[in-house]
Amino acid sequence: VRPLGEGNFGKVWVAERLDVPEHRVAMKILPRSHYAGRNVERELVMLATVGHPNVVQLKDHGIERDFVWLTMPVYEGETLGERLERGTLGLREAYDIFLPIARAVASLHQLGLRHQDIKPENIFLARFGARLHPVLLDLGVAAEKDSPFVAGTALYAAPEQLAAILNSDKEATLTEKMD
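Note that this is a predicted model, so its numbers are computed, not measured. (Residues numbered from 1 in each chain as written. Predicted model: local features only at pLDDT ≥ 70, side-chain atom pairs only at ≥ 80, totals over all residues. Heavy atoms only, no water.)

The next point concerns the sheet that holds strand E5 (residues 67–72). Taking strand neighbours across the sheet as the criterion, the 5 strands line up as E1-E2-E3-E5-E4 in an open arrangement whose pairing is antiparallel. Two strands lie at the open edges of the sheet, namely strand E1 (2–6) and strand E4 (60–63), each paired on one side alone. When the angles between neighbouring strand axes are averaged without regard to direction, this sheet yields 25°. When strand E2 (residues 11–16) meets strand E3 (residues 24–31), the two strands line up antiparallel, connected through 6 bridges. (Pairing = 2+ DSSP bridges. Helix = DSSP H or I, 4+ residues; strand = E, 2+ residues; numbered from the N terminus. Axes fitted to C-alpha atoms, helices over the stretch in contact; angles between N-to-C directions.)

Below is the structure:
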């Protein structure tokens, strides 16, 4: 229907089903090469099992010759990055955002996954009526916690993650702790 956003690893669109046009989703399209050397089907199935209310829910996925696509809900609201552009958070607002996100990250870790790209642009402050509902977005570079695959945004990366991204430490131990 229309572009929703673009990151380092793929593009996100608002999409609708041709047979049910009222059903809109966010559809992320990633190059298949992004999954080279990884078990893409296993990782997508693992992501689909994440059932935490503050982690974006993977609704559907597909694997094509040149790309992988994922669909997720479309939320109303803004990213934490957009919110921070307007000014600093008050203590209560910060607590109401970060406690649910910390629990979301813990749920990923309990399932054996690491997010690898937690940053203000990947925390969405969804609004349901007047109620704030933070959601951890962008599971596109998530990996199994002991996987050698590493990705993320350098500005927000842990030291061991950054060393692995820059290939300066081939022996870097990558765990979920880098989230």
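That shown, we press on.
Moving on: the pattern of salt bridges. Summed over the entire model, instances satisfying the criterion amount to 8 salt bridges. Among the salt bridges present, the one from Glu78 reaches Arg86, with a minimum N-O distance of 2.6 Å. Here Arg83 makes a salt bridge to Glu93, at a shortest N to O gap of 2.9 Å. Placement of the pair is Arg83 in helix H2 (residues 80–85) and Glu93 in helix H3 (residues 91–110), with a sequence separation of 10 residues. (Salt bridge = Lys/Arg side-chain N within 4 Å of Asp/Glu carboxyl O.)

In this section: the environment of Asn122. By the element assignment, Asn122 lies in the loop between strand E7 (113–114) and strand E8 (123–128). Taking C-alpha positions, Asn122 is 6.0 Å from Leu136, a pair spaced 14 residues apart along the chain. Excluding its chain neighbours within four sequence positions, the residues that come into contact with Asn122 are His115, Asp117, Val135, Leu136, Leu137 and Asp138. (Contact = heavy atoms within 4.5 Å.)

What follows covers a nonpolar patch on the surface. Together, Trp13, Ile29 and Phe67 make up a nonpolar patch on the protein surface, roughly 240 Å² of accessible area in all. Residue position: Phe67 is located in strand E5. (Patch = residues over 30% accessible without salt bridge, like charges linked within 9 Å, V, L, I, M, F, W, Y side chains within 5 Å. Areas by Shrake-Rupley, 256 points an atom, 1.4 Å probe, with all protein chains shown as cover.)

This part is about the sheet that holds E8. Taken in spatial order, the 3 strands make up an open sheet running E6-E8-E9, and their pairing is antiparallel. Both edges of this open sheet fall to strand E6 (77–79) and strand E9 (131–136), since each of them pairs with a single strand only. When strand polarity is set aside, the average angle formed by the axes of neighbouring strands in this sheet is 20°. Here E8 runs beside E9; their pairing, made up of 6 bridges, is antiparallel. Directly across from Phe124, in E9, lies its bridge partner Val135. Against the sheet, H3 touches E8 and E9, its axis set at about 35° to E9.

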